[in-house]
Amino acid sequence: MKIKNLLLLGICAATIVGSNAQTSQNKVLDAVMRAYEEELQKTPNDFNLLYSRANQYFLNGNYEKALKDINNALKYTTRDDSEILHDEYILRATIYEMKKEYSNAANDATEALRLIPSSATARYINARCNYELGNYTVAKADYQALLRLNSLDYDAYFGQAKIAVKEQNKGQAKELVNKCVDLYPAQAAVYVNRAEIMSMLGEDNAAAHDLLNAISLDYEKSGALQKLVDMSKSNYSVVIDALNDAIGKAPNSGTMIYIRSLIALNNGNFALAEIDLNTMIANKLYMNAGIYFDHATALYNLGRYQQALGEIIEAITIDPNVGMYYVLRSQILMALNKKGEALQTINSTLLVEPDDIEALIQKAEILLADNKYKDALTVLNNVIMVNPEYYYAYLVRANIKTNLKDKKGAQNDYRQLLTIGDDNIKSYKGFALCGLGRNVEAKQWLDNLFMKSQNGGGEMFYLAASLYGQCGDLQKALDYFEGALANGYGSYHRIMNSDIAKVDLSLIKNNPRFKALMTQYKSNF
């Protein structure tokens, strides 16, 4: 089997689309890997086959197996076949780069350049990895070499701009990325690149506008939407302001209205999301089940449960095969005090998808509402067995164990929570520290997160209010609650109803200032 045929088969396997695409893709991939295994059993030293299977493993995201195969391919490849050796070093360098082993990647890129000095691919890898290693002089030389090959290479200009930022040459960084936009004003990638430079320079407002420009040019492939969502987590107000500007200039832009609703939903600004989603439904923009689900989510959080039920039923009618729709339906039914229907809905969902994490959490909540602590604990144990790094489950389980007077068990869950996951607000590490009585550390953890974030949006302030309340600092908790409302946070349901993990505002809800703030910011709901 020729190497090119294997690669073509791999590409086909990775790009199947249409009905039953995932099933078909899996079947083709399985067949491809069986074919490789059969051929390599016959000729285990065939470096062409090993290289090709390594490439397929790489496409599948299995970097360790890809690395093992490419190491063997390099071992068996004849030293006089410079083209094949070059390709093998490039693949291994790419794998190392994906694994963030930049030194190894740079070494392989250098070897590939020794074999084929004109290799632009090797030059790019070498430049990127030396940038990550802080070897800016080497990276700059590579980008300059790339520009000698192609004076209009915007990726090389972008690479030089990143180096200019690191070298505190802000003016040059802007000049380089502005030149790219001038050269390629219809290319989404140049706006994404400039947005990254603007963010590195602390100019998120300009970065947000560039990402919106990229989205308007290429909604699906530019990656700009995900970058905009990520930016909103640390600077929500800037992203919303940029979207408001875009919608003000083009008020009938369904894309921008949808994106604003998505950003608002992700940051707990449900009133804004509901307005945008209602506009989309009324004007029949992007009509699909997801729009009705999002609308139901917003209405549920705003406490408009009966309306929310109608919208989620509409979503299920359009697409009855999405588990999260039934989870939301169960949540709405619980809010309407229809526990029997809520439990029936979630049990039906779990019959189809027994390991659905959100469905299991919802079942635990229903059981806890009836004080069935041991049954809920069994469900939470299942959640953690399915996903040992599902942070929230540990917090809920610790709360259940506390109610069952199992102090040691609760403390074990808190300690486990401290050892897993990233250090962000939804890792709940501060709540675990508080649960262990380490209140000073809990507040320091939270303060550090706020120092890293210019403005994490309303939900971050809400969680901060809950944590400070649990730590006994009620005035600070009220300050954070005001910050949540000032940043548009508007989950009336969550604010007014207790959370099963006690990530709530129960300790400040009877304070006169709390009631005054709810009146002051009633437009949030």
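An account of the accompanying structure is given in this report. Everything quoted here is computed from the prediction, not taken from an experiment.

### With respect to the nonpolar core
Grouped together as the largest cluster of nonpolar side chains are 149 residues, with contacts concentrated most on Ile197, Ile312, Ile361, Tyr428, Leu446, Phe481 and Ile495. Ignoring anything within four residues of it in the chain, the contact list for isoleucine 312 reads Phe293, Ala296, Tyr325, Leu328, Arg329 and Ile332. One finds Val32, Tyr57, Ala73 and Ala109 within the second-largest nonpolar core, a separate group that totals 34 residues.

### So, helix 30 (residues 512–520)
All of the buried residues along helix 30 are Phe514, Leu517 and Met518. One side of helix 30 carries all its buried residues, which in axial view fall inside an arc of 100 degrees. Seen from the buried face of helix 30, the exposed residues on the opposite side, beyond 90 degrees, are Pro512, Thr519 and Gln520. Summarising the contacts, the buried residues of helix 30 are in contact with helix 28 (474–486) and helix 29 (492–496). A distance of 2.8 Å separates the backbone nitrogen of arginine 513 from a side-chain oxygen at the start of helix 30, and that oxygen is part of asparagine 511.

### Brief notes about the packing of aromatic side chains
Per the stated rule, a full pass over the model turns up 15 aromatic pairs. With centroids separated by 5.4 Å and ring planes inclined at 35 degrees, the aromatic side chains of tyrosine 468 and tyrosine 480 adopt a geometry described as tilted. Taken as a pair, tyrosine 468 in helix 27 (residues 458–470) and tyrosine 480 in helix 28 lie far apart in primary sequence, 12 residues in all. Among the aromatic side chains, those forming a connected cluster through ring pairs are Phe450, Phe461, Tyr468 and Tyr480. One Lys or Arg, lysine 476, reaches over the ring of tyrosine 468 and ends 6.0 Å from the middle of that ring.

### Brief notes about the pattern of salt bridges
Taken as a whole, this structure holds 24 salt bridges when the rule is applied. With a shortest N-O distance of 2.6 Å, aspartate 108 and arginine 92 are connected by a salt bridge. Within this pair, whereas aspartate 108 is found in helix 6 (residues 102–115), its partner arginine 92 is found in helix 5 (residues 82–98), the two being separated by 16 residues in sequence. The pair formed by aspartate 108 and arginine 92 is uniform in burial state, with each residue classed as buried. The closest approach of N and O atoms between aspartate 142 and arginine 123, which form a salt bridge, is 3.0 Å. One end of the pair, aspartate 142, is in helix 8 (residues 136–149); the other, arginine 123, is in helix 7 (residues 120–132), and 19 residues separate them in sequence. On the accessibility criterion, aspartate 142 (4% relative accessible area) is buried. Each of Glu37, Arg53 and Asp69 takes part in one network of salt bridges that share partners.

Rules used in this analysis
Residues numbered from 1 in each chain as written. Predicted model: local features only at pLDDT ≥ 70, side-chain atom pairs only at ≥ 80, totals over all residues. Heavy atoms only, no water. Core = buried A, V, L, I, M, F, W, Y, C linked by side-chain atoms within 4.5 Å. Buried < 20%, exposed > 50% of the residue type's maximum accessible area, 1.4 Å probe, protein only. Contact = heavy atoms within 4.5 Å. Helix = DSSP H or I, 4+ residues; strand = E, 2+ residues; numbered from the N terminus. Arc of directions from axis to C-beta. Polar contact = N/O pair within 3.5 Å; in protein donor to acceptor, adjacent residues only side chain to side chain. Phe/Tyr/Trp six-rings, centres within 6.5 Å; stacked < 30°, edge-to-face > 60°. Lys NZ or Arg CZ within 6 Å of the ring centre and 35° of its normal. Salt bridge = Lys/Arg side-chain N within 4 Å of Asp/Glu carboxyl O.

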